[in-house]
Amino acid sequence: MNLPLLLLILGVSQKENQQWEEFKMTYNKNYESLQEETYRRAIFLENLKKIEAHNEKYVQGLETFEQGIDQFSDMKEDEFKLQLLGSEKRFEELDETAGNSLELLEQEALEAELNRKWKEFKMTHEKEYETLEEEVKRKEIFDFNVRKMEEHNKRYHQGLETFYMGINQFTDLTSTEFRDKYLNFIPLNATIYNTVEESFVEEDEEPIKLTSKSYWYTKDIPIKNQEACGSCWAFSVTGVLEYAYYHFQNRKLVSLSEQELVDCDHRQHGCNGGVPYYAFQWVKQNGINFENEYPYQKHQGQCRRKRSNVGPKIIKSVGFTGLSEREMFDKLQNVGPIQVAVCADRWQGYRGGYFTAGNCNGHGPNHAVVAVGAANVKGKDVW
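What counts and what doesn't
Residues numbered from 1 in each chain as written. Predicted model: local features only at pLDDT ≥ 70, side-chain atom pairs only at ≥ 80, totals over all residues. Heavy atoms only, no water. Helix = DSSP H or I, 4+ residues; strand = E, 2+ residues; numbered from the N terminus. Buried < 20%, exposed > 50% of the residue type's maximum accessible area, 1.4 Å probe, protein only. Disulfide = S-S within 2.5 Å. Core = buried A, V, L, I, M, F, W, Y, C linked by side-chain atoms within 4.5 Å. Contact = heavy atoms within 4.5 Å.

(A) Structural detail: the environment of Asn292. Its place among the elements puts Asn292 in the loop between α10 (276-286) and β3 (319-320). Residue Asn292 is classed as exposed on the basis of its relative accessible area, which comes to 66%. For the pair Asn292 and Ser257, spaced 35 residues apart in sequence, the C-alpha to C-alpha distance is 7.9 Å.

Here it is as structure tokens:
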């Protein structure tokens, strides 16, 4: 019995026969035996009926998509899954693998973004490292700090932090390295307080009523950079004196020499820290050169001061304020910017916002700065 006769006996129509032949030709189907082709044709016809029934529902608006004959139309559903996906279990494994692949892609995207930021960081801050090992180490620290900043900034946007962070020249340093290199204020021994020219006694404190226009000194005094030298104590002293010279002398802007203090005040430790009060005393006794006569070198060296180049002696007295904010604010209003010590542990990645006592990591003051103002900013009283 030949195949057409077999098909006729099975009740296969000429149209279905034509569809089968077109299917084999379109998808280049060849079977190993007549029995295999008969088996596949039966499956094809069964699938064809399912397709036609489905499409009738589609026309009636009961289905949302239309079906048609494709290369899989001679396969049963379980064969399709087995061939295409391996098995139902394999399908689940592929689904899990897809999730893992998505996580991998996300991780790769994060790594690519960190690499982009690293290149931008090195270019912006002109970073060069002596060895490949050192650069690898700095890159690892940079990546850690950037991730920490991103987590911190998420909390900031949720209202859980009072300041936000960003990449700067310190992002390739550990917090310990930053503290050791830049935060070298040395607190004055309490017994010294009795020797100052005037002593400010703490009183019962009343809240200060600040406005957006409370005292704020911004008069053209340039911001300086101590670089990689723990000379904050010297910069805080010159900052106060530069404004005092401007305000009480002839309204002339000057820049005074921090390097002279680093080199010549031998009670200090140069780039390893110092006591601002001793520096004020030293300037009172010896005067201080202008910056252009004794420029900043970013490291401690031999004392090179020349008396002929010494600037005017501008200190008549040095005093302390107590712990009262009222007293500090009064001095700020009546005298000008004042030298203060702060806890700067969290300043390494600072970009904006304000600090509170809770940002101190439990450490005491470790950085000498100049307080230039106090005002109410966006509803917050800040120094």
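Having seen it, we continue.
(B) The arrangement of the state of the cysteines in detail. A complete count under the given rule lists two disulfides for this structure. Shown here is the disulfide that connects Cys229 with Cys271, its sulfur atoms set 2.0 Å apart. In this structure the cystine formed by Cys229 and Cys271 twists about its S-S bond by roughly -90°; its chirality is therefore left-handed. Here Cys271 lies in the loop between α9 (258-264) and α10 and Cys229 lies in the loop between β2 (198-199) and α8 (232-248), a separation of 42 residues in the sequence. Residue Cys264 pairs covalently with Cys303 via a disulfide, S to S 2.0 Å. Where Cys264 bonds to Cys303 through sulfur, the torsion about that S-S bond is close to 100°, and the disulfide is right-handed. Linking Cys264 in helix α9 with Cys303 in the loop between α10 and β3, this pair joins segments that are 39 residues apart in sequence.

(C) The nonpolar core, seen in detail. Counting 17 residues, the largest nonpolar core has Trp233, Val237, Leu241, Leu261 and Val283 as its most contacted members. Mapped by element, the contributors of at least two residues to this core are α8, α9 and α10. The element contributing the most residues to this core is α8, with six residues. Among residues more than four places away in sequence, those in contact with Val237 are Leu261, Pro276, Ala279 and Phe280.

Taken by themselves, the reported measurements are silent on function.
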